[in-house]
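Structural description and commentary
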Amino acid sequence: LAKTTQPISMDSYEGQEVNITCSHNNIATNDYITWYQQFPSQGPRFIIQGYKTKVTNEVASLFIPADRKSSTLSLPRVSLSDTAVYYCLVGSDRGSTLGRLYFGRGTQLTVWP
Amino acid sequence: EAGVAQSPRYKIIEKRQSVAFWCNPISGHATLYWYQQILGQGPKLLIQFQNNGVVDDSQLPKDRFSAERLKGVDSTLKIQPAKLEDSAVYLCASSLRDRNQFFGPGTRLTVL
C-alpha cells in the first residue's frame, strides 16, 4: 500500500522558492511519483511526474533520491496564484492495487504578498 | 483539446433520494475514474474503468453506489439511496495511461 506523507500546510512569500517533501516508504519498483495541484472548486491538475533523479518542466522541478522513498516538489519564485493544495501520489500503470491511487490530504500552500 | 465534462455542477437532494452524475472523458482516453472528495480531504478513488471494464471498485460502497461506462466512453455514477455522509464533490478524471489524469470540474452534491 503505497501511501504518502506530506506536511499539512506551508507558508511562503512571493518570489521565494518553495520545496514540498513527500515520504513514500513503501514505493514499489514500478511506481512513478506524480504531483497534482488543486485550487478551490476545481479538480486537481497534473504538475509533474518522475521515476528517479530529477525532472524539470516549465512550472516545477521534482527531485527523487536514489532510494526513492521520498521526493521533493520545487516551485521556483512562487506567486499568489500558486496558493493551492498540492498532492503527491505514487502509482503504476501496470494494473490496479488497493490504494494505489491515494491522494492523501495534500499540502496547503499559502503564498503571502 | 476539450477537457473532461461533468454534469450537473451542483445538486441538492434529500436523504434517501437518488441522484446520478454524468461524465464525458477526453476523446481517446481509455481509462476513466470517479473520485469522491469530502471537504478538507483529498480525493478518494471510487471506481476505475479501463474502456468499459472495471479495473478497481474496491472502495465503492456497492450497496448504494453504482457506476457504468457503456461503450467505453461516457460514464454515469449513481447513488441510491443517498445518505447525509454522501455530501461531497464527485470528480471524474480520464487518462491515456493512469499516471497522468485529467480531471473535470466536479459535481458538488449536498444531501439534506
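Here the structure is shown first, and the text comes after it.
Scoring rules and cut-offs
Residue positions are counted from 1 within each chain, in the order its sequence is given. In the order they appear in the text, chains get letters beginning with A and ligands get numbers beginning with 1. With the structure being a predicted model, the display of local features is reserved for residues of pLDDT at least 70 and the display and counting of side-chain atom pairs for 80 or more, all residues being used for whole-chain, interface and lining totals. Excluded from the side-chain calculations are hydrogens and water; all other atoms, namely the structure's heavy atoms, are used. Aromatic pairs are defined between Phe, Tyr and Trp rings, using the six-membered ring for Trp, whenever the two ring centres lie within 6.5 Å; interplanar angles under 30 degrees are classed as stacked, those over 60 as edge-to-face, and all others as tilted. The helix and strand labels rest on DSSP assignments: H or I over at least four residues marks a helix, E over at least two residues marks a strand, and numbering proceeds from the N terminus. Buried residues are those whose accessible area, probed at 1.4 Å on protein chains only, stays under 20% of the maximum for their type, while exposed residues exceed 50% and partly exposed ones sit between those limits.

**Examining the packing of aromatic side chains**
- Enumeration over the complete set of coordinates arrives at 11 aromatic pairs over all chains.
- Ring centres of Tyr87 of chain A and Phe103 of chain A lie 5.3 Å apart, and the angle between their planes is 80°; on these two criteria the pair is classed as edge-to-face. Taken together, the residues Tyr87 of chain A in strand 8 (residues 84-91) and Phe103 of chain A in the loop between strand 8 and strand 9 (107-112) connect sequence positions 16 residues apart. As far as the burial class goes, Tyr87 of chain A and Phe103 of chain A line up, both buried.
- Ring geometry for Phe21 of chain B against Tyr90 of chain B: centres 5.0 Å apart, planes inclined by 25°, an arrangement best described as stacked. Of this pair, Phe21 of chain B sits in strand 3 (residues 19-24) while Tyr90 of chain B sits in strand 9 (residues 88-95); the two residues are 69 residues apart in sequence, bridging distant segments of the chain.
- By relative accessible area, Phe21 of chain B is classed as buried at 0%.
- Of the residues examined, Tyr90 of chain B reaches a relative accessible area of 0% and is grouped as buried.
- Among the aromatic residues, ring-to-ring pairing joins Tyr36, Phe46, Tyr87 and Phe103 of chain A together with Tyr33, Tyr35 and Phe103 of chain B into one connected group.

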